[in-house]
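# Fold and contact review
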Amino acid sequence: MFADDAKIMRRIRTEEDSTMLQDVQDKLKEWSDKWLLKFNPSKCKEEEENEEEWEKEKKEKEEEDKKEEDKKEEDKKEVEKKEEDKKEEDKKEEDKKEVEKKEEDKKEEDKKEEDKKEEDKKEKDKKEVDKKEVDKNEKDKKEEDKKEEDKKEVDKKEEDKKEVDKKEVDKKEVDKKEEDKKEEDKEEDKKKEDKKEEDKKEVDKKEVDKKEEDKKGEDKKKVDKKEEDKKEVDKKEEDKKEEDKKEVDKKEEDKKEEVGERGSLNLEGGGWPIPHLTILYQVGMKY
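This is a predicted model, so every value here is computed, not measured.

### Quick look at the overall build of the protein
- The secondary structure content of the protein amounts to three helices and two strands.
- Mapped in sequence order, the helices and strands of the protein form the string β-α-β-α-α.
- The contacts in the protein between residues at least 6 apart in sequence include a share of 53% that link residues at least 24 apart.
- On the protein, roughly 28,800 Å² of surface is accessible, and the fraction owed to carbon and sulfur atoms is 49%.

See below:
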């Protein structure tokens, strides 16, 4: 068994590249000996053929690399040119923006300056107006203070007059209240006297009414007693009549029983005994 189709390639530019390629070949040889997987020498190219092929490949590779490098260089130049163009455009744009910004800043500063002047003027005018207003207010305040003092003086005089009048009125009211109180005391005393008289009359009337009621009660008791006595007598009479009636009824019953015993029929002899009929008839007639 052999290790076929093994290829080793490396671009040789320096001595170091050759050394590294030889190291790779040595490692492959060690690997082949270790694993007993030999390379087939008949398929391995000779050194000269390898050299020619290597040279050819190297030349082709160098041409390709050169073309690649040239293309890269052209691409790089193109990119650099584009970048330079872009930078130029960016710079122009920045310069334009810078100019515009400066113009805007200048306009802004001019506007601020104008605004400041306008504000200063307004402030000056406002101060002037405020000063006039302050002077006017002070003048008005002085006038108001004078009016207030005059008013206070007038009010004080009026209050003093009112106080005097109030004291006079209070004195009159006190005197009137005292008189009214005396009059009310007299009326109260009179009411108390009248109330006492009415209470006395009421007590006398109650005593008279009580005596009349007591008399009526006694008369009623007497009448009730008479009625009770009469009822008692009537009850006794009724009881006596009842007893007499019971006595008569008892006698009549006894008499009936006696007549019944005498007039009973004797049916054992098979006929009606004449004496019995006679007795029954006589008794019946008599009865």
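### So, helix 1 (residues 15–35)
- With 21 residues, helix 1 should reach 30 Å at 1.5 Å per residue; the first-to-last C-alpha distance of 31 Å fits that figure.
- On its buried face, helix 1 sits against strand 2 (38–39).
- Phi turns positive, to about 55°, at Leu-36, one or two residues after helix 1.

### A few points about the pattern of salt bridges
- For the structure shown, the criterion picks out 24 salt bridges.
- Residue Asp-185 is joined to Lys-181 by a salt bridge in which the shortest nitrogen-to-oxygen separation is 3.6 Å. Taken together, the positions of Asp-185 and Lys-181, both in helix 2 (residues 47–262) and four residues apart, correspond to about one turn of that helix.
- Its relative accessible area of 35% is what places Asp-185 among the partly exposed residues.
- Each member of the salt-bridge network shares a partner with another, and the members are Arg-11, Arg-13 and Asp-65.

### A look at the confidence of the model for the protein
- When pLDDT is averaged along the protein, the result is 82; 84% of the residues meet or exceed 70.
- Within the protein, helix 3 (residues 274–286) has the poorest average pLDDT of any element, 46, and helix 2 the best, 88.
- Here residues 265–287 scores under 50 on pLDDT; set against residues more than four positions off or in separate chains, the count is nine contacts.

### Points about the side chain of Asp-65
- Mapping Asp-65 onto the fold places it in helix 2.
- Look at Asp-65 and you get buried, because its relative accessible area is 16%.
- Here Arg-13 takes part through its side chain, which lies 3.2 Å from a polar atom of the side chain of Asp-65.
- Discounting residues that sit within four places of it in the chain, Asp-65 has contacts with Arg-11 and Arg-13.

### Focus on the environment of Lys-61
- Within the secondary structure layout, Lys-61 lies in helix 2.
- Linking Lys-61 and Arg-11, residues 50 residues apart in sequence, is a C-alpha distance of 8.4 Å.

### Here we look at unusual backbone geometry
- The backbone of Leu-36 sits at a positive phi, close to 55°, despite the residue not being glycine.
- Note that Leu-36 resides in the loop between helix 1 and strand 2.

Reading the values: the criteria
Residues numbered from 1 in each chain as written. Predicted model: local features only at pLDDT ≥ 70, side-chain atom pairs only at ≥ 80, totals over all residues. Heavy atoms only, no water. Helix = DSSP H or I, 4+ residues; strand = E, 2+ residues; numbered from the N terminus. Contact = heavy atoms within 4.5 Å. Areas by Shrake-Rupley, 256 points an atom, 1.4 Å probe, with all protein chains shown as cover. Expected span 1.5 Å × (residues − 1). Salt bridge = Lys/Arg side-chain N within 4 Å of Asp/Glu carboxyl O. Buried < 20%, exposed > 50% of the residue type's maximum accessible area, 1.4 Å probe, protein only. pLDDT = per-residue confidence, 0-100. Polar contact = N/O pair within 3.5 Å; in protein donor to acceptor, adjacent residues only side chain to side chain.

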